[in-house]
Amino acid sequence: ILSNVRHTYITPPGTGFLPKETAEHHRKHILRLVKEALKEAKIQPDELDCVCYTKGPGMGGPLRVCAVVARMLSQMWKKPLVGVNHCVAHIEMGRIVTGARDPVALYVSGGNTQVISYAQERYRIFGETIDIA
């Protein structure tokens, strides 16, 4: 992991994550975060292998914002575009940081839940709920 910059969206007390407001937060901060990540990692776009984005599950608005920006960067930088499972992306970061080889995870968020395992270089989803967040 060469960079892990972020701008955390903190909701007003008692409101939770609302799709419109969360998408607006993403729109407001995403380009600056991309620039900061490249700077912190000390790399240029031509050194990247691909552009990844989370394609779901999750709230449509925020996912769409990131997909549009990822598609734009992919085209500008002439890099392949790779959509990844939102839950698996979180688990993969944990797997990299902890060194876990074949984890079984119960991923629980405000909008979805998945029972996922990793074996033979693949993730398998054994069960999930996709809730309306």
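Anything mentioned here points back to the structure above.
Presented here is an overview of the structure given in this document. What you are looking at is a predicted structure, and each value in this text was computed from that prediction instead of being measured. Counting restarts for each chain, with residues numbered from 1 along the sequence as it is written. At least 70 in pLDDT is required for a residue's local features to be given in this predicted model, at least 80 for side-chain atom pairs to be given and counted, and no such filter applies to totals for whole chains, interfaces and linings, which use all residues. Side-chain figures throughout are based on the complete set of non-hydrogen atoms in the structure, without hydrogens or water.

This paragraph deals with helix 1 (residues 19-41). At any given residue, the bend is defined as the angle formed between two axes, one fitted to the seven residues that end at that position and one fitted to the seven that begin there. A run of DSSP states H or I qualifies as a helix once it reaches four residues; a run of E qualifies as a strand once it reaches two. Both are numbered from the N-terminal end. The sharpest bend along helix 1 comes to roughly 45°, located at His29. Structurally, helix 1 contributes buried residues whose contacts are with helix 2 (60-77). Positive phi shows up at Lys42, right after helix 1, with a value of about 60°. Note on definitions: a residue-residue contact is assigned when non-hydrogen atoms from the two residues lie within 4.5 Å.

What follows deals with the environment of Arg27. Tracing the backbone through its elements, the reader meets Arg27 in helix 1. Classification of residues uses two cut-offs on accessible area relative to the type maximum, computed with a 1.4 Å probe and protein chains only: under 20% is buried, over 50% is exposed, and between them is partly exposed. Arg27 gets classed as partly exposed once you look at its relative accessible area, which sits at 46%. For the pair Arg27 and Val68, spaced 41 residues apart in sequence, the C-alpha to C-alpha distance is 10 Å. Leaving out residues up to four positions away in the same chain, Arg27 has contacts with Lys20 and Val65.

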